[in-house]
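Below, each chain spelled out in residue letters.
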Amino acid sequence: PNRILAGMDPIAEEVDWIMWFRFALPISFCTFLAAWAVLHLRYVRGTRGLTMSKEVLEAEYKELLDGIGPFTRDEVMVGFLQFVQIVLLILNPFLDSVVVTKYGVS
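Since this is a predicted model, take the numbers as computed values, not measurements.

A. A look at the confidence of the model for the protein. For the protein, per-residue confidence averages 81 on the pLDDT scale, and 76% of positions sit at 70 or higher. Looking over the protein, one finds the lowest element-wise mean pLDDT in helix α1 (residues 2-6), namely 60, and the highest in helix α4 (residues 73-95), namely 91.

B. Representation of helix α3 (residues 54-68) in the model. Over its 15 residues, α3 extends 21 Å from the first C-alpha to the last, a length consistent with the 21 Å expected when each residue adds 1.5 Å. Taking burial as the measure, the 15 residues of α3 include zero buried ones, a minor fraction of the element. Looking one or two residues past α3, glycine 69 carries a phi angle of roughly 80 degrees, positive in sign.

C. Quick look at the pattern of salt bridges. Applying the stated rule across the entire model yields three salt bridges. Where glutamate 58 meets lysine 54, a salt bridge forms, and the shortest distance between an N and an O atom there is 4.0 Å. Within this pair, glutamate 58 and its partner lysine 54 are both found in helix α3, separated by four residues, close to a single helical turn. Among the residues examined, glutamate 58 registers a relative accessible area of 47% and is labelled partly exposed. With a relative accessible area of 59%, lysine 54 lands in the exposed category. Its salt-bridge partner being lysine 62, residue aspartate 66 comes within 3.3 Å of it at the nearest N-O pair. In this pair, aspartate 66 and lysine 62 are both assigned in helix α3, four residues apart and thus about one turn of the helix distant. Aspartate 66 gets classed as exposed once you look at its relative accessible area, which sits at 56%.

D. Inspection of the packing of aromatic side chains at higher detail. Under the definition given, this model contains one aromatic pair. Taking the centre distance of 5.1 Å and the plane angle of 35 degrees together, the rings of tryptophan 20 and phenylalanine 23 count as tilted. Placement of both tryptophan 20 and phenylalanine 23 in helix α2 (residues 17-44) is noted, with a separation of three residues, approximately one turn of the helix. Directly above the aromatic system of tyrosine 43 lies the positively charged group of arginine 42, at a separation of 5.2 Å from the ring centroid.

E. Region of interest: a nonpolar patch on the surface. Among the surface-exposed residues, Phe83, Ile86, Val87, Leu88, Ile90, Leu91, Phe94, Leu95, Val98 and Val99 lie close enough to one another that they form a single nonpolar patch of about 900 Å² accessible area. Relative to the elements of secondary structure, phenylalanine 83 occurs in helix α4.

Rules used in this analysis
- Residues numbered from 1 in each chain as written.
- Predicted model: local features only at pLDDT ≥ 70, side-chain atom pairs only at ≥ 80, totals over all residues.
- Heavy atoms only, no water.
- pLDDT = per-residue confidence, 0-100.
- Helix = DSSP H or I, 4+ residues; strand = E, 2+ residues; numbered from the N terminus.
- Expected span 1.5 Å × (residues − 1).
- Buried < 20%, exposed > 50% of the residue type's maximum accessible area, 1.4 Å probe, protein only.
- Salt bridge = Lys/Arg side-chain N within 4 Å of Asp/Glu carboxyl O.
- Phe/Tyr/Trp six-rings, centres within 6.5 Å; stacked < 30°, edge-to-face > 60°.
- Lys NZ or Arg CZ within 6 Å of the ring centre and 35° of its normal.
- Patch = residues over 30% accessible without salt bridge, like charges linked within 9 Å, V, L, I, M, F, W, Y side chains within 5 Å.
- Areas by Shrake-Rupley, 256 points an atom, 1.4 Å probe, with all protein chains shown as cover.

This is the structure:
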């Protein structure tokens, strides 16, 4: 994300997580609303609020689980590594004062 914001003129300093979050949150929110509107207009409009009972939902959930099975080791590992990556991204400003590379502080 820093490469995107670094090319902008008003930003001369290092782009941290909060700056990137402030930059990307409005864009993400607008994208979410647009996707919701498209899906709503495509699939929900025209239906009359079909309701499903708890038994139907549980049966469909069981059918889905039988079809895809439990998480594999690879899926769990990818999820764990993604979680670690996000935590390290958020903690990066705090870790800069603790961890110093052989190249010094950037």
